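Fold and contact review
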Protein chains: 2
Amino acid sequence: MCEANAYLRQPDGREKLVMENVYRLRPEGRRLLLENIFGEQLLLDAELARVSLMEHRLVFQPRRPD
Amino acid sequence: MCEANAYLRQPDGREKLVMENVYRLRPEGRRLLLENIFGEQLLLDAELARVSLMEHRLVFQPRRPD
């Protein structure tokens, strides 16, 4: 299985786990909608910081103001 | 292996394959840098449209003007 875990960067630089087993991701307005294999959905007001499919890791960071 | 193929949405809606076996993705300035398992790198002036890890599919679309 190729799902990934989603992490959100904290102000102190730590990457906090916010959702496991994410298999789908798409923008929803200005936010990102993550879905996992358990049917859970998570809306993040964040932008993508890094994807590493080898590490099964999706890292997000708070969205920068335009 | 959990790499994905990267597609870029065309004006006619088709999703054109632009890179195979991508395993890493990160923003590089205002563009996105994709890297594949063959050591190739691709800079896309695009934004993420959709990720489906089950389908091993990363879909991008041309960046909308701010």
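Read on for a plain summary of the structure. Remember, predicted model here, so these are calculated numbers, not experimental data.

What follows is about the side chain of A:E35. With respect to the element layout, A:E35 can be found in strand β3 (residues 31-36). When its relative accessible area of 9% is taken as the criterion, A:E35 is described as buried.

A few words on the interface of chain B and chain A. Across the boundary between the two partners, chain B contributes 19 residues, which contact 19 residues of chain A. Each partner contributes to the roughly 1600 Å² buried at the junction of chain B and chain A, and carbon and sulfur atoms together form 73% of this total. When the buried area of chain B at its contact with chain A is split by residue, B:C2, B:L53 and B:M54 rank highest and sum to 37% of it. Summed over the shared surface of chain B and chain A, the number is zero salt bridges. Summed over the shared surface of chain B and chain A, the number is four residue pairs in polar contact (both at pLDDT 80 or more). Those elements giving two or more residues to the side of chain B that touches chain A turn out to be β2 (15-28) and β5 (46-52) of chain B. Considering each element in turn, the side of chain B that touches chain A owes the most residues, six residues, to β2(B). A per-class count over the side of chain B that touches chain A returns 13 nonpolar, two polar and four charged. Here strand β2 (residues 15-28) of chain A pairs with β5(B) via two bridges, running antiparallel. When the bridges of β5(B) are listed, A:L25 appears paired with B:V51.

Take the nonpolar core next. Residues A:L25, A:L34, A:F60, B:L25, B:L34 and B:F60 are the most contacted members of the largest nonpolar core, which totals 30 residues. Apart from residues no more than four positions distant in its own chain, A:L34 is found in contact with A:A6, A:M19, A:V22, A:R24, A:L25, A:E40, A:Q41, A:L42, A:L44 and A:F60.

Thresholds, definitions, all that
Residues numbered from 1 in each chain as written. Chains lettered and ligands numbered in written order. Predicted model: local features only at pLDDT ≥ 70, side-chain atom pairs only at ≥ 80, totals over all residues. Heavy atoms only, no water. Helix = DSSP H or I, 4+ residues; strand = E, 2+ residues; numbered from the N terminus. Buried < 20%, exposed > 50% of the residue type's maximum accessible area, 1.4 Å probe, protein only. Contact = heavy atoms within 4.5 Å. Buried area = accessible area lost by both parts, 1.4 Å probe. Salt bridge = Lys/Arg side-chain N within 4 Å of Asp/Glu carboxyl O. Polar contact = N/O pair within 3.5 Å; in protein donor to acceptor, adjacent residues only side chain to side chain. Nonpolar A, V, L, I, M, F, W, Y, C, P; charged D, E, K, R; others polar. Pairing = 2+ DSSP bridges. Core = buried A, V, L, I, M, F, W, Y, C linked by side-chain atoms within 4.5 Å.

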